[in-house]
Amino acid sequence: MLNFEKATPEETGIPSECIVRFIDRLQRRQIPMHSLLIMRHDRLVFEGYYAPCTADSPHRMFSISKSFTSIAVGLLIDEGKLSLDDPIIQYFPEKLPAKENIHPWISQMTIRDMLMMRSCHASTTYKLDMQSDWVASFFTTPPTHAPGTLFHYDTSAAHTLCALVEKLSGRTLLDYLKEKLHILGFSQESYMLKDPFGVSMGGSGLVALPLDLMKFGYFVAHRGLVLGEQLLSASYIDLAVSPLTATCVTAPLPSEAQGYGLQFWRNEKNGFTCYGMGGQLIIFLPDCDLICVTTADTQSIQGGNQQIYDALYEEILPYLQTGVLVQNKEAEQPLYETQAALAIKPLESAAPPKIFSEINGSSFHVQTKASDFQNFSVYINEDNGTLSFTYKHTAYDIQFGIGKMQTGIFPIYNLRYAASGAWLMDGTLLIRTHIIDAYVGCVQFQLSFHDDGELTLFMTKKEESLFHEFQGHLYCKKLH
């Protein structure tokens, strides 16, 4: 079983102070990090978790799932069960429309096209109607262009490939990988979310531990050779991480403009990246023999992922040494202190407005028509607060800290969260809840209290598929 040897950063040529600067930089720029792992020369030199996240906290990895699906396809190729140039329709006759209604571009599309994000769809097909068969939608949605021609990010391609893996292996995708790659020792806690029809979400549903990502990155970086056993053909991995298609036309960030392989991204430093929305990253830099793993929630920060890349490239890479650095316990101490203090940063608060003492704990009735919310109230003491509300005639509470994080279970969805509240410079109250569970995101409440007993409430959510209730504006009046 794979167990990583640990070392100090200096023992692999990394000055400890560089990792401190990396962490401090992202903290200053308010990037909500959840974990950071760094390996160099096959030795784990840093493993840190931002409280309340821990080493044992399962985390949604989003599109890193696609890289797992690609490896599973490679394993099936090794078994002789398929080839890259097989047309995908031959494996799903039961999902196809009537023969005369199959579009020729659908018929032409190969497994290779799908892995390269060169399907004939410009976007994810199942999102058009998520209550209908997700796999079938890939074959019935009218295509926009010929396959094999253009890069368009299409999660339904990965989802359909995952369905193919499960069909040919007779196992769930992750169970199949755990069996074939048993040496890696993926955590028992890891699993994949499923679509409404029982297919693992091979494009976005992986829930795992950060250390699982490091094991996967190690396996790919070593071209499938782990503890003397070739788990997957090196030729497939070499192809999968190669720059096979251009991504610069549609890329929103430099880090996504370097090209794409078979469900693996290229990065700016001659390596590959497994990329998941919100800052879930496995970054391999072969020229430095370095692997960096992060989990985070950058969904509400424009360019947040690029900030992680840039911090790595600018605070650590320029200072790497080729040999062992002189051990200096005093120089290393700040890193240990930083590691011990890692935590999701709470909001910083201004002084509360004078009016708040009059309405602290008061109930405000929702006046907005057709709202499923009935009322809201906020109670705050010196270092804690409670946001109470009634939704569809059921009462709920969200606990939050003042100057600190407060953990709890988010109402309605029963997902773990960490929250803090703060008074902003304009006298409004902001409550930010970080969802840290099988779903990762952020739900915010901004409350503006008026002298006449009125409350304007603005709710926003940054999460892909849940929390739709918590969006928009509500007008409320104080109950007397």
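Relevant structure appears above.
In short, a report on the structure. (Residues numbered from 1 in each chain as written. Predicted model: local features only at pLDDT ≥ 70, side-chain atom pairs only at ≥ 80, totals over all residues. Heavy atoms only, no water.)

## Things to note about the environment of Lys95
Moving on, step 1. In this fold, Lys95 is placed in the loop between α2 (64-78) and α3 (104-108).
Moving on, step 2. Ignoring any residue separated from it by four or fewer positions in sequence, one finds Lys95 in contact with Asp133, Val135, Ala136, Phe139 and Thr140.
Moving on, step 3. Reaching out from Lys95, the side chain makes a polar contact with the side chain of Asp133 at a distance of 2.7 Å. (Helix = DSSP H or I, 4+ residues; strand = E, 2+ residues; numbered from the N terminus. Contact = heavy atoms within 4.5 Å. Polar contact = N/O pair within 3.5 Å; in protein donor to acceptor, adjacent residues only side chain to side chain.)

## Topic: helix α6 (residues 155-169)
Moving on, step 1. Given a rise of 1.5 Å per residue, 15 residues ought to cover 21 Å, and the 21 Å separating the end C-alpha atoms of α6 matches this to within 8%.
Moving on, step 2. After α6 finishes, the residue Gly170 shows a positive phi value of roughly 75°. (Expected span 1.5 Å × (residues − 1).)

## Concerning the side chain of Thr160
Moving on, step 1. Among the structural elements, Thr160 can be located in helix α6.
Moving on, step 2. A distance of 2.8 Å separates the side chain of Thr160 from the backbone oxygen of Ser156, its partner in a polar contact.
Moving on, step 3. Those residues within four positions of Thr160 in sequence are excluded, and the remaining contacts are Ile88, Phe92, Met114, Val135, Phe138 and Phe139.

## As for the packing of helix α1 (residues 16-28) against helix α10 (residues 304-315)
Moving on, step 1. Where α1 meets α10, the axes come as close as 9 Å, and the angle between the chain directions of the two elements is 150°. Relative to α10, α1 is oriented roughly antiparallel. Helix-helix and strand crossings are classified by hand; for α1 and α10 the assignment is right-handed. Along its contact with α1, which presents Cys18, Arg21, Phe22, Arg25 and Leu26, the element α10 presents Gln307, Ile308, Asp310, Ala311, Leu312, Glu314 and Glu315.
Moving on, step 2. Its residues placed into classes, the contact of α1 with α10 shows six nonpolar, one polar and five charged. (Axes fitted to C-alpha atoms, helices over the stretch in contact; angles between N-to-C directions. Parallel < 35°, antiparallel > 145°, perpendicular 65-115°, else oblique. Left-handed = near helix turned anticlockwise from the far one by under 90°. Nonpolar A, V, L, I, M, F, W, Y, C, P; charged D, E, K, R; others polar.)

## A look at the environment of Gly13
Moving on, step 1. Looking at the secondary structure, you find Gly13 in the loop between β1 (5-6) and α1.
Moving on, step 2. When the C-alpha positions of Gly13 and Val324 are compared, they lie 4.9 Å apart, and in sequence the two are 311 residues distant.
Moving on, step 3. Apart from residues lying up to four places away in sequence, Gly13 is in contact with Arg40, Tyr319, Leu320, Gln321, Gly323 and Leu325.

## A short note on the pairing of strand β17 (residues 406-410)
Moving on, step 1. Examined bridge by bridge, β17 and strand β18 (residues 415-423) share five bridges and lie antiparallel to one another. Across the sheet, residue Ile409 finds its bridge partner in β18, namely Arg416.
Moving on, step 2. Hairpin connection of β17 to β18: four residues between the antiparallel strands, including Ile412 at a positive phi of 75°. (Pairing = 2+ DSSP bridges.)

## Some details on the nonpolar core
Moving on, step 1. Ile71, Ile88, Ile111, Phe216 and Phe219 are the most contacted members of the largest nonpolar core, which has 71 residues in total.
Moving on, step 2. In terms of nonpolar packing, the next biggest core, distinct from the first, is built from 42 residues, Met33, Cys292, Ile308 and Ile344 among them. (Core = buried A, V, L, I, M, F, W, Y, C linked by side-chain atoms within 4.5 Å. Buried < 20%, exposed > 50% of the residue type's maximum accessible area, 1.4 Å probe, protein only.)

## Considering helix α8 (residues 210-221)
Because each turn of an α-helix spans 3.6 residues, side chains separated by three or four positions end up pointing in the same direction.
Moving on, step 1. Taking 1.5 Å per residue, 12 residues should reach 16 Å; α8 reaches 16 Å between its end C-alpha atoms and fits that length.
Moving on, step 2. With 11 of 12 residues buried, α8 lies mostly within the body of the structure.
Moving on, step 3. Those residues of α8 that sit buried are Pro210, Asp212, Leu213, Met214, Lys215, Phe216, Gly217, Tyr218, Phe219, Val220 and Ala221.
Moving on, step 4. Two residues or fewer past α8, Arg223 is found with a positive phi of approximately 55°.

## Some points on the sheet that holds strand β3 (residues 43-49)
Moving on, step 1. Taken together, the seven strands give an open sheet; going across it, the order is β1-β3-β2-β12-β11-β10-β9, and neighbouring strands pair in mixed fashion. Looking at which strands have only one partner, the edges of the open sheet turn out to be β1 and β9 (265-266).
Moving on, step 2. Pairing between strand β11 (residues 280-285) and strand β12 (residues 290-296): five bridges, direction antiparallel. Among the inter-strand pairings, Phe284 is bridged to a residue of β12, identified as Ile291.
Moving on, step 3. Those strands touched by α2 are β10 (272-276) and β11, and its axis lies near 125° from that of β10.

## Some remarks on the packing of aromatic side chains
Moving on, step 1. Inspection of the entire model under this criterion finds 31 aromatic pairs.
Moving on, step 2. Ring centres 4.6 Å apart and planes at 55° place the aromatic pair Tyr413 and Phe467 in the tilted group. Here Tyr413, found in the loop between β17 and β18, pairs with Phe467, found in the loop between β21 (454-462) and β22 (472-478); they are 54 residues apart in sequence, far enough to count as distant.
Moving on, step 3. Judged by relative accessible area, Phe467 falls into the buried class, the value being 0%.
Moving on, step 4. Within the aromatic cluster, the residues linked to one another by ring pairs are Phe373, Phe376, Phe389, Tyr391, Tyr396, Phe410, Tyr413, Tyr417, Phe445, Phe467 and Phe470.
Moving on, step 5. Over the ring of Tyr319 we find Arg21; its NZ or CZ atom is 4.6 Å from the centre of that ring.
Moving on, step 6. Above the face of the Tyr439 ring, Arg60 is positioned so that its terminal group lies 5.1 Å from the ring centre. (Phe/Tyr/Trp six-rings, centres within 6.5 Å; stacked < 30°, edge-to-face > 60°. Lys NZ or Arg CZ within 6 Å of the ring centre and 35° of its normal.)

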